[in-house]
Amino acid sequence: MIPLYDYSLDELSQKLQKKEVSSVELTQSVLKRIEETKAKLNTFITLTKESALQTAKTVDQKRIKGEVLSPLAGIPIALKDIFLTQGIKTTCCSKILSQFIPPYDSTVVKRLKQNDVVLVGKLNMDEFAMGSSNENSCFGPVKNPWDLERTPGGSSGGSAAAVAASQCLGAFGTDTGGSIRQPASLCGVVGIKPTYGRVSRYGIIAFASSLDQVGPFGKRVKDVAHLLKAVAGRDSMDSTSADMKVPDYTQFLTKDIKGLKIGIAKEYFIKGMEASTEKVVHKAIDHLKKLGAKIIDVSLPHTSYAVPTYYLIATAEASSNLARYDGVKYGYRAKASTLQEMYRKTRGEGFGREVKRRIMLGTFVLSSGYYDAYYKKASQVRTLIKRDFDEAFKHCDLIVTPTSPTTAFKLGEKMEDPLQMYLSDIFTISANLAGLPGLVLPCGFDEKNLPIGLQILGPHFKEEKIFHLAYAYEQSTEWHQRKPTV
Ligand code: GLN
């Protein structure tokens, strides 16, 4: 018999609606799975067992009474530890917030609660979402369920690994430069970074405010479509959230993609990427062609500037966002005899190495005399990168690319070389700079049996088109059916 936690979110949603299973049974199955595997994977920072079972019970009662419920009602999900959860510790995996208990819920959490979702816990991540391997967490790295000696990617590594290992039926993360898509690729699950402004950022600990966006992880494209629909849409608490109708993404999941124009950019097939990744992605593109899509060459000429541009803009914004952690307003405070010393020691002891590196770089690029040369220049290049996409989307509906130049790398492999680490985001960063939506789904494996993800990028607010292509691909392949053996 297949254990309940091994089904997909959508399958379980049907089973719950038909009353074949109860949410309490499902939640117990998931909690047991977490207990059995959490030490191996180091995915969970906080478990909310009791409140999860309590919510499950309440949802079951509502269902018995015949109330009309959301498709997500009674489904166990987990959150990256960057979403404020009222009364539940929210650390951002930083020592400086290690005891922080938020007084209110983020909008995403509020909306999930309105959908009667069962929250099972908070997930490990890179400190303040800075990293590509989850090794910058003050709680230690997450292990990749496909190979425990390897990283799950980052910064939402806990979210991707937890979904891959069936410790929850879906999870939420954030993506500033690839933090949903790269770990989804490395862990063999589906993840989407929606258009900037599609989901409210209210109550999410800020890293780089002009780039940060929230998105879901799931085992299947349809699961992710359900999850995004539940949280998307205008929120008066976030002035950058878009006042645009949210379509029911599940309505766009059909298998016919005949005539769909798919752009391929040569700038996304670079020297230094692993041969197996390149081969698998080309095979996936051939497959789309067989399904009836039209493959078109497009050009994104400023792609090679994306990584340096991102590391100027993101660090500049981070240095100002992280100024608030001063030992006065939030979290950790070091003992000291003067105010100056208190600030210095609090930040010196509270932040990890990578976070300090970014604050220093960001402060430097914003300093008078250097602002024009770095920050202003980067903002101009950002516009050029966005224009590349505007131009490309005049000729195609969607763009398909690899997600990461390599499959999951070994823990420790890139820790002493930040530039190598930064390069793992080379295919994901442009979408954040341009504000575009991007989804990643499994499209094959390398010779070490490590998953490879295909990235689908779309025009602003065209998530439904992306879902359409992703679903057609998924339903005509079998990659999503493989599971790690953890
Ligand atoms: N890996 C990138 C970084 O370290 C992106 C992180 C993210 O998307 N949060 O900044």
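See the structure shown above.
Since the model is a prediction, treat every value here as computed from it, not as a measurement.

A. Summary view of the sheet that holds strand S7 (residues 261–265). Across the sheet, which stays open at both edges, the eleven strands sit in the order S1-S3-S2-S4-S6-S5-S10-S11-S9-S7-S8 with mixed pairing between neighbours. Edge positions in the sheet fall to strand S1 (44–47) and strand S8 (294–298), since each of these pairs with one other strand and no more. Strand-to-strand twist of the sheet, defined as the mean angle between neighbouring strand axes without regard to direction, takes the value 30°. Two strands pair when backbone bridges link them, and strand S2 (residues 76–80) and strand S4 (residues 170–175) are joined in this way by three bridges, in the parallel orientation. If you follow Ile 77 over to S4, its bridge partner there is Gly 170. In this fold helix H2 (residues 23–41) packs onto S1, S2 and strand S3 (118–123), with an angle of close to 20° to the strand it touches most, S3. Strand contacts of helix H3 (residues 49–64): S1 and S3, with the helix running at about 155° to S3, the strand carrying the most contacts.

B. Inspection of the site of the ligand at higher detail. As a matter of local geometry, the ligand sits amid 15 residues, with Thr 176, Gly 177, Ser 179, Tyr 310 and Arg 358 nearest to it. Here an oxygen atom of the ligand sits 2.9 Å away from a polar atom, N or O, in the main chain of Gly 131. Asp 425 is positioned such that a nitrogen or oxygen atom in its side chain is 2.8 Å from a nitrogen atom of the ligand. When the ligand is considered free in solution it has 290 Å² of accessible area, and contact with the protein chains removes 100% of it. More than half of the atoms belonging to the ligand lie within 2 Å of the grid points that define the largest cavity. When the residues that make up the shell around the ligand are grouped by side-chain class, the tally is five nonpolar, seven polar and three charged.

C. Looking closely at the pattern of salt bridges. Under the counting rule described, the total for this entry stands at 22 salt bridges. The closest approach of N and O atoms between Lys 38 and Glu 35, which form a salt bridge, is 3.3 Å. Taken as a pair, Lys 38 and Glu 35 lie in helix H2 at a separation of three residues, close to a single helical turn. Judged by relative accessible area, which is 29%, Lys 38 ranks as partly exposed. Here Arg 353 ties to Glu 416 by a salt bridge, and the two come within 3.8 Å at their closest N and O atoms.

D. Highlighting empty space enclosed by the protein. Per the stated rule, a full pass over the model turns up two cavities of 30 Å³ or more. The calculated volume of the largest cavity comes to roughly 70 Å³. What lines the largest cavity is a set of 13 residues, among which Ala 129, Gly 131, Ser 179, Tyr 310 and Asp 425 lie closest to the centre. Residue composition of the lining of the largest cavity, by class: four nonpolar, seven polar and two charged. If you add up the space inside the second largest cavity, you get close to 30 Å³.

E. The arrangement of the packing of aromatic side chains in detail. In the structure shown here, the tally under the stated rule is 17 aromatic pairs. Arranged with centres 5.7 Å apart and planes meeting at 50°, the rings of Tyr 325 and Tyr 330 form a pair that is tilted. Given the relative accessible area of 4%, Tyr 325 is considered buried. Classification of Tyr 330 as partly exposed rests on a relative accessible area of 30%. Measuring from centroid to centroid gives 6.3 Å for Tyr 370 and Tyr 374, while their planes differ by 25°, and the two rings are stacked. Residue Tyr 370 is classed as partly exposed on the basis of its relative accessible area, which comes to 38%. Members of the aromatic cluster, joined through ring pairs, are Phe 100, Phe 128, Tyr 325, Tyr 330 and Phe 351. Directly above the ring of Phe 409 sits Lys 414, whose terminal nitrogen or CZ lies 4.2 Å from the centroid. Across from the ring centre of Phe 445, 4.2 Å away, lies the NZ or CZ of Arg 482, which sits over that ring.

F. Focus on helix H1 (residues 9–17). If you check which residues of H1 are buried, you get Leu 9, Asp 10, Leu 12, Ser 13, Lys 15 and Leu 16. Contacts made by the buried residues of H1 are with H2, H3 and helix H7 (221–231). Looking one or two places after H1, you find Lys 19, whose phi comes out positive at around 60°.

Thresholds, definitions, all that
Residues numbered from 1 in each chain as written. Predicted model: local features only at pLDDT ≥ 70, side-chain atom pairs only at ≥ 80, totals over all residues. Heavy atoms only, no water. Pairing = 2+ DSSP bridges. Helix = DSSP H or I, 4+ residues; strand = E, 2+ residues; numbered from the N terminus. Axes fitted to C-alpha atoms, helices over the stretch in contact; angles between N-to-C directions. Contact = heavy atoms within 4.5 Å. Near = heavy atom within 4 Å. Polar contact = N/O pair within 3.5 Å; in protein donor to acceptor, adjacent residues only side chain to side chain. Areas by Shrake-Rupley, 256 points an atom, 1.4 Å probe, with all protein chains shown as cover. 1 Å grid on protein atoms, 1.4 Å probe; cavity = no way out; pocket = protein on both sides within 12 Å on 5 of 7 lines; lining within 4 Å. Sits in = over half its atoms within 2 Å of the grid points. Nonpolar A, V, L, I, M, F, W, Y, C, P; charged D, E, K, R; others polar. Salt bridge = Lys/Arg side-chain N within 4 Å of Asp/Glu carboxyl O. Buried < 20%, exposed > 50% of the residue type's maximum accessible area, 1.4 Å probe, protein only. Points joined across faces, edges and corners; volume = space filled by probe spheres on them. Phe/Tyr/Trp six-rings, centres within 6.5 Å; stacked < 30°, edge-to-face > 60°. Lys NZ or Arg CZ within 6 Å of the ring centre and 35° of its normal.

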